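Architecture and fold: a report
For reference, the chains in residue letters:
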Amino acid sequence: MTPAVAPAAPAKVTENLIEVRGLLSQFGDRVIHEGLDLTLERGEVLGVVGGSGTGKTVLLNSIIGLKEPEGGSVSILGHDRATMTEADEADVQRRTGILFQQGALFSSLSVIDNVASPLVEHTDLPAAVIRELAEMKIAMVGLKPEAHHLKPAELSGGMRKRVGLARALALDPELLFLDEPTAGLDPIGAAAFDALIRQLSEDLGLTVFMITHDLDSLYAITDKVAVVADRHIVAKATVQELERSDHPWIREYFLGPRGRAAGRVA
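Residues numbered from 1 in each chain as written. Predicted model: local features only at pLDDT ≥ 70, side-chain atom pairs only at ≥ 80, totals over all residues. Heavy atoms only, no water.

Points about the sheet that holds strand 10 (residues 232-237)
Taken in spatial order, the six strands line up as 6-7-8-3-9-10 in an open sheet, and their pairing is mixed. In this open sheet, the two edge strands, each paired with only one partner strand, are strand 6 (96-99) and strand 10. Direction aside, neighbouring strands of the sheet carry axes that sit 15° apart on average. In this sheet, strand 10 lies alongside strand 9 (residues 224-229) in antiparallel orientation, the contact comprising five bridges. Its bridge partner being in strand 10, Val 228 is matched across the sheet by Ile 233. (Pairing = 2+ DSSP bridges. Helix = DSSP H or I, 4+ residues; strand = E, 2+ residues; numbered from the N terminus. Axes fitted to C-alpha atoms, helices over the stretch in contact; angles between N-to-C directions.)

Spelled out as structure tokens, the structure:
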């Protein structure tokens, strides 16, 4: 009797939540990006690094729709930015969360009202349900109920970051954008925030696009790192692979004194 042959394991299907092809970005005659390509797979935690003036934030703004590219294409969650309808834009907003560098909280609103604002804007849920969901998100990022009625001016820098993160998670997004999430935090606070992001990404199945200059964050929480230099992405790889790169900027960044120290801690 011919032995039964086990069926072949199905091929792993990858899904790109972000696809940037041939991006051209410029301000007047100044070219920021030229021929930039980048993809972000579902479930990936991607760090984006580059020297000052390389256009990391310009890239982020092109992806989330705050800047229109001068050339190339940008696709997010299956929607082409160039042909996106209002319904497509609403779909993208419901499925993404953004934590801006300074938190971008509404100064006149309390913590709980800040976190509830996306639910108020994008859902028809009753006020009591919205409040309960907002309370859950605030607890999820490690803040106590005593913070609910504080205004942003009454919060520490670390607390503002956590409130901004809770608001970014309000609609249970599948794609999370982080712009320098640990900037301005002391080393202990930064390490705690890194741990929070890593835990939430695993627990919630998030895909994360994170601009950062923090080497500790890159070693602690990213799956891969994309390096912006020479007007495009010169490498996308794990930090361990980037340590072996012969690109001058990458070598200086990862193998300089601070890079070596971060690598030893990781």
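Comments concerning the side chain of Asp 214
By the secondary structure assignment, Asp 214 is in the loop between strand 8 (207-211) and helix 7 (215-221). Those residues in contact with Asp 214 that lie beyond four places of it in its chain are Thr 182, Ala 190 and Tyr 253. (Contact = heavy atoms within 4.5 Å.)

So, the layout of surface pockets
In this structure, the largest pocket occupies an estimated 560 Å³ of space. Residue assignment for the lining of the largest pocket shows that the elements contributing at least two residues are helix 2 (86-95), strand 6, helix 3 (111-122) and helix 5 (157-168). With four residues, helix 3 is the single largest residue contributor to the lining of the largest pocket. Of the residues assigned to the lining of the largest pocket, the class counts are 13 nonpolar, five polar and four charged. (1 Å grid on protein atoms, 1.4 Å probe; cavity = no way out; pocket = protein on both sides within 12 Å on 5 of 7 lines; lining within 4 Å. Points joined across faces, edges and corners; volume = space filled by probe spheres on them. Nonpolar A, V, L, I, M, F, W, Y, C, P; charged D, E, K, R; others polar.)

Details of the sheet that holds strand 4 (residues 71-76)
If you trace the four strands from one edge of the open sheet to the other, you get 2-1-4-5, paired in antiparallel fashion. Looking at which strands have only one partner, the edges of the open sheet turn out to be strand 2 (30-41) and strand 5 (79-80). Pairing between strand 1 (residues 16-27) and strand 4: five bridges, direction antiparallel. Within the sheet, the bridge partner assigned to Leu 24 lies in strand 4 and is Gly 71. Helix 1 (residues 56-64) rests against strand 1, strand 2 and strand 4 of the sheet, and its axis sits at about 120° to strand 1.

Structural notes on the confidence of the model for the chain
In the predicted model, the chain carries a mean pLDDT of 90, and the fraction of residues at 70 or more is 90%. Note on residues 8-13: pLDDT under 50 across the span, and zero contacts to partners over four residues away in sequence or across chains. (pLDDT = per-residue confidence, 0-100.)

Some details on the pairing of strand 4
Sheet topology note: the strand 4/strand 5 ladder contains two bridges and is antiparallel. Each bridged residue has a counterpart across the sheet, and for Ile 76 the counterpart in strand 5 is His 79. The turn linking strand 4 back onto strand 5 is made up of two residues, and Leu 77 within it adopts a positive phi angle of 55°.

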